[in-house]
Amino acid sequence: MKAWRRVAGLVTRMTLCCGAGILAQPVRAADLPAPSQEARALDQGLDWSRAAIIAVQEAGRYKTLDSFARESFAAMSGREHLPGLSPLASLFEWLFRKEAYFDTPLVRIRDRGLRIHLTGHLPEDSRRRILQTGFVTPRELTDQRLRQRLRELEPRFDMLRAVGRVRDAEETAFFLDQLVRIVPQPAAPADARWYTPDELRTNAVLALPEQQRPPAEELVRRYGLPAAGISPAQAAGIVGPWQELSEAWRQGDVHRVQAALDRLSQRLPSLAAPGVYPRESQRRAELRYYRFGKFAWGWTIYFLGALLSLWAALTRWRALWLAAVVLLIAALGLHAYGLALRWHIVGRVPVANMFESLVAAAWIGIAFALLVELVYRVRIFLLAAHVTGFCALLVAGYVIPGGGSITAMMGILDNIMLRIHTVLIIAAYSLIFLAAVIAVVYLAGYYWHRLRAGAAARVEGASGSADRPPILAGALPDDTGDRALPLWLHQVDWSHLILLNMAFVLLFVGGIVLGAVWADYSWGRPWGWDPKETFALNTWIIYAILIHVRLVVKRKGLWTAWLSIAGCATMLFNWFAVNYYIVGLHSYA
């Protein structure tokens, strides 16, 4: 036990040192590109509270202007804003003073292999900088040889995602003004296309007296055809403040910028038909959700809780256990608040894409683990819950493509089975992962005990319960496995069984049976050997084997732990690899 305490202490000290080293450092003024120095004064002097919740129509959904800015710059540079500026200030700086940044390396090429392909012809200094930092300037991105090489690589399957990310970055870098669709069509349905302010310039000019207008041919040549469905007076009410905003921003006039933003914030919602413009409560919830980083940073609380839980399991200190429980309740509450905000924003249960399903699955599993931990107090559920939350939010926030941006739901998912089948299957996935964490703990304890076979064979468990499996474990009364093992390892094994039994049932009922029902409704057949269906069946078969193998082997806990890890690996492959890399009917998941 002393050795375990030394190991845990060493891990804790290393973690705290590493955490202190990666804390974000503030951006110094001297490090910023020169144009941002001027924009910073504007940014700090403006009240963004009303402008931030202006609605934008993009990618099949309505989002706030703040969310649009964050997602646009994340696609271009991997960060949600320009250095030293807020996302909204970055948006207007790029819209109105983009040329000032043409020689600043802000466009990110994430994939090193693609950097090598694209920079072979560039000067050595530029090539070395791009290879090391991954950032190119917008001017470098317009290089003809680079663009030709990009077109040559685009059809290649191994470069498809990498080139796609560069195309998304180009869209923000060069065409952002064509994406700011903030003007709804008056009296039009919710799915009607909105306009950018620049698309209304012809309509706005038509509001001028006839003698002040240019000839019709000249007007069309300069600004294009009039936008349908919006009157000249309505267009002038938007274009006027937009032009005023552009001029005032370039001149650095805070008061004129504020006045123009306030007029736009007031006039834009009034153009939409009743029920079309998103409710203010939804827009403010989305603003809060994005400003809190989609709550993915909650992994830090789970991580701290995992350390305390590990220490509590090793030392049996009640104070540490209580602290870890309090942290888990706090993290779970924050986790639930983030889920509730997203639910309110999208107006449906948030399980329609990978980010949503991962975050929701983790919450379901952690909530169940907390309840069982409070009943049995074996400490292992507490540790598994914290590790699950840590892994889920870390992957959701920093690994999954898109970073959790809210997207429109595909039509095929708009079904009651999304609320039933999907929720049940992701609940099974979370229990499988929790079980795998416990399996790792069991294996570590098992092999540690075998190495120290000469030590005392049994120790009393924290709960002081009898040497019998709990009812929820579903084990036979004499299912004690290897009697030479200490009681705490038997408790870990029985805790493991509680999760495995529930996961087995949920996989079959929620996954295979209800999945077949939905497949029959959507595609006209209950089973078609789609990759997702096949690997779901494979996962369930592994757990069926696990349950039956346990009946015949002597080292029950050992076999159970290894098969549990194999089942978890299959589940993760089915959840991630099949969704992202294997083409099938479930590729949207």
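Residues numbered from 1 in each chain as written. Predicted model: local features only at pLDDT ≥ 70, side-chain atom pairs only at ≥ 80, totals over all residues. Heavy atoms only, no water.

Draft legend 1. View of the overall build of the chain. For the chain, the helix and strand inventory stands at 22 helices and four strands. Across the chain, the fraction of contacts at a sequence separation of at least 24, relative to all contacts at a separation of at least 6, is 73%. With an accessible surface of roughly 27,600 Å², the chain has 62% of that area assigned to carbon and sulfur atoms. (Helix = DSSP H or I, 4+ residues; strand = E, 2+ residues; numbered from the N terminus. Contact = heavy atoms within 4.5 Å. Areas by Shrake-Rupley, 256 points an atom, 1.4 Å probe, with all protein chains shown as cover.)

Draft legend 2. Looking closely at the nonpolar core. In this structure, Tyr289, Phe381, Ile432, Leu507, Tyr543 and Trp575 are the most contacted members of the largest nonpolar core, which totals 89 residues. Of the residues forming this core, the biggest block, 18 residues, is contributed by helix H19 (residues 416-451). For Phe381, the residues in contact, after removing those within four places along its chain, are Ala369, Val372, Glu373, Ile438, Ser495, Ile498 and Leu499. Ranked by size, the runner-up nonpolar core spans 74 residues in total, among them Phe68, Trp94, Val180 and Ala235. (Core = buried A, V, L, I, M, F, W, Y, C linked by side-chain atoms within 4.5 Å. Buried < 20%, exposed > 50% of the residue type's maximum accessible area, 1.4 Å probe, protein only.)

Draft legend 3. Quick look at the pairing of strand E2 (residues 61-64). Across four bridges, strand E1 (residues 55-58) lies against E2 in antiparallel orientation. Bridge pairing links Val56 to Lys63 in E2. Here E1 folds back onto E2 in antiparallel fashion, the turn holding two residues, of which Ala59 has a positive phi close to 55°. (Pairing = 2+ DSSP bridges.)

Draft legend 4. How the structure looks around the packing of helix H16 (residues 318-346) against helix H17 (residues 354-376). Viewed as axis vectors pointing N to C, H16 and H17 meet at an angle of 145°, and their least axial separation amounts to 10 Å. The interaxial crossing formed by H16 with H17 has left-handed handedness. Facing H16, whose interface residues are Trp321, Val325, Leu328, Ile329, Leu332, His335, Ala336, Leu339, Arg342 and Val346, H17 presents Phe355, Glu356, Val359, Ala360, Ala362, Trp363, Ile366, Ala367, Leu370, Glu373 and Leu374. The residue inventory of the contact of H16 with H17, partitioned by class, reads 17 nonpolar, one polar and three charged. (Axes fitted to C-alpha atoms, helices over the stretch in contact; angles between N-to-C directions. Left-handed = near helix turned anticlockwise from the far one by under 90°. Nonpolar A, V, L, I, M, F, W, Y, C, P; charged D, E, K, R; others polar.)

Draft legend 5. Region of the structure containing the packing of helix H3 (residues 65-77) against helix H14 (residues 280-291). Running from N to C, H3 and H14 point in directions that differ by 35°, and their axes come no closer than 9 Å. Note on element contacts: H14 touches H3 through Glu286, Leu287, Tyr290 and Arg291, opposite Asp66, Ser67, Arg70 and Glu71. Its residues assigned to classes, the contact of H3 with H14 shows two nonpolar, one polar and five charged.

Draft legend 6. Looking closely at helix H4 (residues 87-97). Burial runs high along H4: 11 of the 11 residues are buried. For H4, the set of buried residues is Pro87, Leu88, Ala89, Ser90, Leu91, Phe92, Glu93, Trp94, Leu95, Phe96 and Arg97.

Draft legend 7. Region of the structure containing a nonpolar patch on the surface. Together, Val505, Phe508, Val509, Val513 and Val517 make up an exposed nonpolar region whose accessible area comes to about 380 Å². Within the fold, Val513 resides in helix H20 (residues 487-523). (Patch = residues over 30% accessible without salt bridge, like charges linked within 9 Å, V, L, I, M, F, W, Y side chains within 5 Å. Salt bridge = Lys/Arg side-chain N within 4 Å of Asp/Glu carboxyl O.)

Draft legend 8. Geometry of the pattern of salt bridges. In total, this model carries 30 salt bridges according to the counting rule given. Residues Glu247 and Arg256 are paired through a salt bridge, measuring 3.8 Å at the closest nitrogen-oxygen approach. Its relative accessible area of 42% is what places Glu247 among the partly exposed residues. Here Arg256 falls in the partly exposed class, since its relative accessible area comes to 24%. Members of the salt-bridge network, linked through shared partners, are Asp66, Arg70, Glu80 and Lys294.

Draft legend 9. Spatial organisation of the packing of aromatic side chains. Within the structure shown, the criterion is met by 29 aromatic pairs. Geometrically, the ring pair formed by Trp94 and Tyr101 is tilted, given 5.7 Å between the ring centres and 40° between the ring planes. Judged by relative accessible area, Tyr101 falls into the buried class, the value being 0%. Considering the side-chain rings of Tyr289 and Phe295, the 6.2 Å spacing of their centres and the 40° angle between planes classify their relative orientation as tilted. Pairwise contacts between aromatic rings join Tyr289, Tyr290, Phe292, Phe295, Trp297 and Tyr337 into one cluster. (Phe/Tyr/Trp six-rings, centres within 6.5 Å; stacked < 30°, edge-to-face > 60°.)

Draft legend 10. Structural view of helix H12 (residues 232-251). In this model, H12 (20 residues) spans 28 Å end to end at C-alpha, consistent with the 28 Å of a helix rising 1.5 Å per residue. Gly252 lies just past H12 and shows a positive phi near 70°. (Expected span 1.5 Å × (residues − 1).)

Draft legend 11. Summary view of unusual backbone geometry. The phi dihedral of Ala59 is positive, around 55°, even though this residue is not glycine. For Ala59, the position within the fold is in the loop between E1 and E2. Despite not being glycine, Trp529 shows a phi value in the positive range, around 55°. The topology assignment puts Trp529 in the loop between H20 and helix H21 (531-549). The exposure class of Trp529 is exposed, given its relative accessible area of 59%.

Draft legend 12. Here's a closer look at empty space enclosed by the protein. Scanning all chains against the criterion turns up three cavities of 30 Å³ or more. Lining the second largest cavity we find Tyr289, Lys294, Phe295, Ala296, His335, Gly338, Leu339, Arg342, Phe355, Glu356, Val359 and Leu393. When residues of the lining of the second largest cavity are traced back to their parent elements, those giving at least two are H16 and H17. Tallied by class, the residues present in the lining of the second largest cavity amount to seven nonpolar, two polar and three charged. (1 Å grid on protein atoms, 1.4 Å probe; cavity = no way out; pocket = protein on both sides within 12 Å on 5 of 7 lines; lining within 4 Å. Points joined across faces, edges and corners; volume = space filled by probe spheres on them.)

Draft legend 13. Spotlight on the environment of Ser265. Mapped onto the secondary structure, Ser265 falls in helix H13 (residues 254-271). In this structure the C-alpha to C-alpha distance between Ser265 and Ile54, which are 211 residues apart in sequence, comes to 6.1 Å. Engagement of the side chain of Ser265 in a polar contact is seen with the backbone oxygen of Leu261, the distance being 2.8 Å. (Polar contact = N/O pair within 3.5 Å; in protein donor to acceptor, adjacent residues only side chain to side chain.)

Draft legend 14. Quick look at the side chain of Thr315. Along the polypeptide, Thr315 turns up in helix H15 (residues 299-315). A distance of 2.7 Å separates the side chain of Thr315 from the backbone oxygen of Trp311, its partner in a polar contact.

Draft legend 15. Examining the environment of His449 more closely. Position of His449 relative to the elements: it lies in helix H19. For His449, a relative accessible area of 13% corresponds to the buried category.

Draft legend 16. Representation of the environment of Ala285 in the model. Of note, Ala285 is situated in helix H14. Residue Ala285 is classed as buried on the basis of its relative accessible area, which comes to 2%. Put simply, Ala285 and Ile345 are 60 residues apart on the chain and 6.5 Å apart in space, counted from C-alpha to C-alpha. Residues within four places of Ala285 in sequence aside, it is in contact with Leu341, His344 and Ile345.

Draft legend 17. Examining the state of the cysteines more closely. What the rule picks out here adds up to zero disulfides. Between Cys568, a free cysteine, and Cys391, which holds the nearest cysteine sulfur, the sulfur-to-sulfur gap is 9.6 Å. (Disulfide = S-S within 2.5 Å.)

What is shown is where atoms sit, not what they do.
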